[in-house]
Structures are given as structure tokens and as C-alpha cells.
Amino acid sequence: MAAVPVIAIDNGGGNCKIGLAGQAAPARVFPNASAKPKGERQGLIADQLADSKEVSQLQLRRPFDRGYCCNLELQRDIWTRGVKAVLKRNPGECGLLLSEPLFNFEEIRAGTQQVVFEDLGFRSYYAAAAPVFAMHRAAALLGPSSAAARTGAGVVVDCGFSFTHAVPFFKGQVLEGGVRRLNLGGKAMTNYLKELVSYRSLNMMDETYLMDGVKEQLCFVSQDVKADLKAAQVAARSPFRREFVLPDGVHNFKGYVRDPEEWAAKVEALKQQVRAAESMEEKRRLAATLETDQVLVLNNERFMVPELLFHPDDVGLQQAGVAEAVVQAVTSCHPALAPLLYSNVVVVGGVAACPGFRERFTSELRSLVPDCADLNVFMPQDPSVFTWEGMSGFGASYSYSRLAVTRQQYNESGGAAGVRQYS
């Protein structure tokens, strides 16, 4: 089995990261979704959606709902596209390594195995919760000099599409009684941004995919919310004001952030051309060029949307913020483990890539952790692919061949082959 190539898929609710185990980075990252442009019959799926020129008026379908894979038929089609079109591999000649949600349902696990072996025909298969791979990757980077790495201890803060989890580990195993979940993630943040801009500016409630891109380009985590809100009070003079030019479907297909200095220079140049124009018709034509773009203006929305992770009660969710969730996860474990857990807090997930997240999270967590505790927060350069990197290392190791279920074992067990635990 060691010679068989293993395909690693970090199967998130928002994006799929796919590549061959043993590689340094995934071959491709694409939306875990299909979409149909309004008025079109031809749909887009996986990498086709990522490569699409148009991002407005897309009707999205996702296999995940509330953090779990509820549409295995759509998920199968996305995996098929990723394996055959993106990686150009035959599933019958490969093994599959898959990440799954924490506390996944047995019915979903059984259905996934059926898709993997009966529909796609993979030779072998193994799945584990995404934070498990992230913790083992972090332990490998820390090295044997770290007590937390030697004991397999730490807390993984997984800021994902559907949820944010604080997951404590000891001896490389999830301490299930200590896991804490915040019912907020990238999806809720995008929905909140849509509501804010639709109320204050333009109706964007049907533009989920477009607004997801706006969020990733413009949102950041404030280090001092009160001071930033005060600075943003007068929108015209706000240092946080940004203008996003919406797609027009003719010259601009994806939208872009308009540079204020370049735009001011362009406006001034056009004003001079209008003054110099001889006919009234020419003046009107030049003036009309300034009004062709439809612009979405963002101000304090840029930092109030990510603020949900630290203060969920802003939207009526009676749960602890992400820093408090980590403290709750640690205190729910044996007190003797607290020093080890606090010394290795690993932050992963696409939401954590929001600028300013690490600094704000570390600052809030430090204020909640006892002064005597040594706090170490590690966030990789690209937290969105860190879990996949851990999967890549595992898939290329002997551990995969030792733990994976083969197609023969699956057939002999009548579809009831169990998956052993990664430790």
C-alpha cells in the first residue's frame, strides 16, 4: 500500500483543499460548492466556480449544512471533479485521506465510506477530524524540545466556515469532554456583512459569493473597537472608509477595491476635461463616465463583522467569545494539564487569516489566563491550509497504511469496516 499514491482532501464547509500526500502545499483550493449563474442552464462546480469570470448573481449549493455533510451526491460530484479534472488521477489507483467534522454522525460516516469505495472506487480510505491533523503538524514543528510536543498536548482553535472550535489534546488524542464550540464561522460573518450593507447601502442579500470575496478583501480585526468606532463616526473622513466597485458584467466581472488616491486624481482630471469641453453634449458625456460604476461603500462594517468572534452577543448569540472558549476548554480538563495546554495554542482555519486576528486573540486570551501560566499562541503563515499540510505528512507516512481501511476489508465486512484512531 505504501507505493499507492494517496490523495489528501481537507473537506471544509467552505473550501476544499486537495493534493497528493507528501507535497508541501495543496495542488488546488476551490469552493466546496456548485453554482448556477442566474438565467443559465450550465452549472459550475468546484474549480470551475473558482475560475469563473463572473461572481455576481450565482445561486450556490453546498453539500454542508450546519457544519455536516448532508448532501453526499453533490459532495461526490465535487470530489470526482477534484480528483479526475484537477489532479488527473484515477481513484481506483489511489488511496483517499479525508478530514471530517468533529463528532461526525455515524450515518454520515457510513454514507461517506459507501461513496468512497462503491461510487468512486478508491483503493483505501482514512478519515479523522481536521484538528487532529493540525495538532500533529504543530507537534512536528515544535520538535522534541517542547514538553507539549512530547506529550501531544495543546489546544487547536479551528476557525472554520460553519463553527469555531476550541479542541484540547493530550497524548495526541482529543479530550472530547473539553471541546467547546462557538456557533459562528465564515458563513455567519458573510451573512452578517450582507445584512449590514443591505440595510445601509445596496441590497446584496442574494450576492453570497460576491460578498464572501468582499469580506476576505476588506475585513480586519480591530485592536480597539471603541476607538475605531469613534474614528469612523464621520463616514466622509473615516480612515476605514473603502469603496468596492461592483461587477457590471461588461468590463468588470469580479469587482475590485477602488484606490481612493487614484480615484481622486481621476475625478480631478475629468473635471478639468469637462471645463475644457466646448459643447454641452461633450460635457454631459464626460460627466456620465463618473456615474457608470455602482459602488458599495464600507466603513465600520470592515471591523464590526469579525468582532462577532469575540462578542457573539452582538447578534444575540449567548455564547462565549473565541478567547473565552479556549479558557473554558482548558478548565474543563484536568487542572494538571493546564500549563501544557496553554503552552501550545494552535490557531487554524480560513477565518483566522483575517488581518489582526492573532494579535487580538492573543491579547484577549492573555488577560484571561493566569499570570503564572506560560502562554504560547502559534498561528501559521497560512492558517487555511495548515490542516492540509498535516494531512499531507500523515498520508505519506507508514501510519496511513497501518490505519486505513482497504477496499477488500470494506467488501468483506459488508460495508461495516471501522476506521481506527490516529494517534
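Scroll up a little and you will see the structure.
This structure is a prediction, so every number in the text was calculated from the model and none was measured. (Residues numbered from 1 in each chain as written. Predicted model: local features only at pLDDT ≥ 70, side-chain atom pairs only at ≥ 80, totals over all residues. Heavy atoms only, no water.)

Visitor: Is there a simple way to think about the side chain of S34 in this case?
Guide: Examined against the element boundaries, S34 turns out to sit in strand β4 (residues 34–37). By relative accessible area, which is 11% here, S34 ends up buried. Each residue touching S34, except ones within four places of it in the same chain, is listed here: L44, I45, Q59, L60, R61 and L74. (Helix = DSSP H or I, 4+ residues; strand = E, 2+ residues; numbered from the N terminus. Buried < 20%, exposed > 50% of the residue type's maximum accessible area, 1.4 Å probe, protein only. Contact = heavy atoms within 4.5 Å.)

Visitor: Is there a simple way to explain the sheet that holds strand β17 (residues 295–298) in this structure?
Guide: Judged by pairing direction, the sheet is antiparallel, and its three strands sit side by side in the order β16-β15-β17 without closing on themselves. Here the strands that pair on one side only, and so sit at the sheet edges, are β16 (256–258) and β17. When strand polarity is set aside, the average angle formed by the axes of neighbouring strands in this sheet is 35°. Relative to β17, strand β15 (residues 242–245) is paired through four bridges, and the arrangement is antiparallel. Along β17, the bridge assignment pairs V245 with V295. Strand contacts of helix α7 (residues 208–218): β15, β16 and β17, with the helix running at about 145° to β15, the strand carrying the most contacts. (Pairing = 2+ DSSP bridges. Axes fitted to C-alpha atoms, helices over the stretch in contact; angles between N-to-C directions.)

Visitor: Can you walk me through the nonpolar core in this structure?
Guide: Proteins that are soluble and globular tend to have nonpolar side chains buried together. Within the largest apolar cluster, 59 residues are counted, with the highest numbers of intra-cluster contacts made by V157, L296, L309, Y342, F357, F361 and L365. Per-element tally for this core: the top contributor is helix α12 (residues 322–331), with seven residues. When near neighbours in sequence (up to four residues on either side) are disregarded, V157 contacts T164, H165, V322, V326, V345, V346, V347, V348 and F361. I18, L96, V116 and F117 belong to the second-largest nonpolar core, a separate cluster that totals 25 residues. (Core = buried A, V, L, I, M, F, W, Y, C linked by side-chain atoms within 4.5 Å.)

Visitor: For this particular structure, what's the right way to read the packing of helix α9 (residues 260–276) against helix α10 (residues 280–288)?
Guide: Packed helices, taken two at a time, are described by their axes: the angle between them and the distance between them. Between α9 and α10, whose axes approach to 8 Å, the crossing angle comes to 170°. What the angle tells us is that α9 and α10 run roughly antiparallel. Note on element contacts: α10 touches α9 through K283, L286 and A287, opposite L270, Q273, V274 and R275. Grouping the amino acids of the contact of α9 with α10 by side-chain chemistry returns four nonpolar, one polar and two charged. (Parallel < 35°, antiparallel > 145°, perpendicular 65-115°, else oblique. Nonpolar A, V, L, I, M, F, W, Y, C, P; charged D, E, K, R; others polar.)

Visitor: Looking at this model, I keep getting lost on the sheet that holds strand β9 (residues 95–100). Mind explaining?
Guide: Sheets are built from strands paired through backbone hydrogen bonds, the pairs being either parallel or antiparallel. Read across the sheet, six strands follow the order β3-β2-β1-β9-β10-β20 without closing on themselves; strand pairing throughout is mixed. With one partner strand each, in any of the chains shown, β3 (28–31) and β20 (405–406) form the two edges of the open sheet. Sheet topology places strand β1 (residues 6–11) next to β9; four bridges connect them, and they run parallel. Its bridge partner being in β9, V6 is matched across the sheet by G95. Across the sheet, helix α15 (residues 386–395) lies against β1, β2 (15–20), β9 and β10 (124–129), angled at about 155° from β1, the strand it touches most.

Visitor: How should the packing of aromatic side chains be read in this particular structure?
Guide: This structure, assessed with the given rule, holds twelve aromatic pairs. Relative to F386, the ring of F378 has its centre 5.8 Å away and its plane inclined at 65°; by these criteria the two rings are edge-to-face. Overall, the relative accessible area of 29% leaves F378 in the partly exposed class. F386 gets classed as buried once you look at its relative accessible area, which sits at 1%. By the ring-pair criterion, three or more aromatic residues cluster together here, those being Y126, F133, F394 and Y400. (Phe/Tyr/Trp six-rings, centres within 6.5 Å; stacked < 30°, edge-to-face > 60°.)

Visitor: Any chance you could explain the state of the cysteines here in plain terms?
Guide: Note on terminology: a disulfide is the covalent bond linking the sulfur atoms of two cysteines. In total, this model carries zero disulfides according to the counting rule given. There is no disulfide at C16, and the cysteine sulfur nearest it, in C69, is 9.5 Å away. With no disulfide of its own, C69 has C70 as its nearest cysteine by sulfur position, at a separation of 6.9 Å. (Disulfide = S-S within 2.5 Å.)

Visitor: I'm lost on the environment of F303 in this one. Help?
Guide: Residue placement: F303 occurs in helix α11 (residues 301–304). With near-sequence residues (within four places) excluded, F303 lies in contact with F220, S222, V225, D228, L229 and F240.

Visitor: What is the right way to look at the pattern of salt bridges in this model?
Guide: Side chains that carry opposite charge are capable of pairing whenever their charged atoms lie near each other. Within the structure shown, the criterion is met by 15 salt bridges. The closest approach of N and O atoms between R109 and E100, which form a salt bridge, is 3.0 Å. Owing to a relative accessible area of 30%, R109 belongs among the partly exposed residues under this scheme. On the basis of relative accessibility, which here comes to 12%, the residue E100 falls in the buried class. Of the charged contacts in the structure, one is a salt bridge between R360 and E364, with a shortest N-O distance of 2.8 Å. Of this pair, R360 and E364 both sit in helix α14 (residues 357–368), four residues apart, which is roughly one turn of that helix. For R360, a relative accessible area of 7% translates into the label buried. Among the ionic contacts, a cluster of salt bridges with common partners joins R76, D77 and D119. (Salt bridge = Lys/Arg side-chain N within 4 Å of Asp/Glu carboxyl O.)

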